[in-house]
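# Tertiary structure, described
Each chain is listed here by its residues.
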Amino acid sequence: ENIDGTANFDLTSAQSQFSSDTSITYNYATSLSDLQNGILISNTTNYTNTSNPQVIFVEGSNSFGCSNIVELTLNIQPVTRYTISDFNKCDDNFDGFVLFDLTEKEAEMNTILPSDTYTYTYYLSEIDALNDTNAISSSFTNTLVPEQTIFVRAQGIGCPHIISFKLIVLIKPYLVM
């Protein structure tokens, strides 16, 4: 998600794919020779890949001292980015700021995304959307005038999608009698 081809993996989350036996203990290494020589990955719940794809060697051992080795391939898929139409609203009090209900754009977002059920979270920067930090409320008053870009993290199954659109504050005509 940081756009550099790396990601953090919880290698232990794949254990249920190897065996339903929860008594098996696992060791992880970046090469077969490292595994055989006891040079193991120390942080298996927050491992950052070093290439894409990357093969991790996993040894599962049971209580009898028997073991087997499998290969776990880590693949980084790029985050898909979309841009949708601007969200225009009139400024009723001539101050340049308007309260936007960002959820009004979700119907449009649903039309461009692959079929899935999504949770939408809103951000002021793409980096925050990628990192899922500093979310803003879906009821949002613009902080920049006359336009501001909003980034949306659409999370379904798998990798998130990042969607952007602009909030545009339209100035209504000032009429004098």
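The structure we're discussing is the one just above.
Below or above, wherever it landed, is the structure these notes cover. Given the structure is predicted, the values throughout are model-derived calculations rather than measurements.

## Details of the overall build of the protein chain
Helix and strand counts for the protein chain come out as four helices and 12 strands. Relative to its length of 177 residues, the protein chain is extended, with a C-alpha radius of gyration of 24 Å against a globular reference of 16 Å. Across the 177 residues in the protein chain, those meeting the buried criterion constitute 34%. Put simply, of all contacts in the protein chain between residues at least 6 apart along the chain, 61% involve residues at least 24 apart. For the protein chain, the accessible area works out to roughly 10500 Å², and carbon and sulfur atoms hold 52% of it. Seen as two clouds, the 6 positive and the 20 negative side-chain charges of the protein chain have centres 14 Å apart.

## Some words on the packing of aromatic side chains
Aromatic ring pairs: the centre-centre distance and the angle between the two ring planes describe each pair. In this structure the tally under the stated criterion is three aromatic pairs. On the numbers, 6.3 Å between centres and 35 degrees between planes, the contact of Y118 with Y120 is tilted. Y120 shares its class with Y118; the two are buried. Lying over the aromatic face of F100, K89 brings its terminal NZ or CZ to 6.0 Å of the ring centre. The ring of F165 has K105 sitting right over it, with the charged end atom 5.8 Å from the ring centre.

## Structural notes on the sheet that holds strand β2 (residues 25-29)
Spatially, three strands are ordered β2-β4-β5 in an open sheet, and the strand pairing comes out antiparallel. In the strand order of this sheet, the two ends are held by β2 and β5 (67-74), each with one partner. Averaged over all neighbouring strand pairs, the angle between strand axes comes to 25 degrees, with direction disregarded.

Parameters at a glance
Residues numbered from 1 in each chain as written. Predicted model: local features only at pLDDT ≥ 70, side-chain atom pairs only at ≥ 80, totals over all residues. Heavy atoms only, no water. Helix = DSSP H or I, 4+ residues; strand = E, 2+ residues; numbered from the N terminus. Rg over C-alpha atoms; globule rule 2.2 N^0.38 Å. Buried < 20%, exposed > 50% of the residue type's maximum accessible area, 1.4 Å probe, protein only. Contact = heavy atoms within 4.5 Å. Areas by Shrake-Rupley, 256 points an atom, 1.4 Å probe, with all protein chains shown as cover. Lys, Arg positive; Asp, Glu negative; His and termini not counted. Charge placed at Lys NZ, Arg CZ, Asp CG, Glu CD. Phe/Tyr/Trp six-rings, centres within 6.5 Å; stacked < 30°, edge-to-face > 60°. Lys NZ or Arg CZ within 6 Å of the ring centre and 35° of its normal. Pairing = 2+ DSSP bridges. Axes fitted to C-alpha atoms, helices over the stretch in contact; angles between N-to-C directions.

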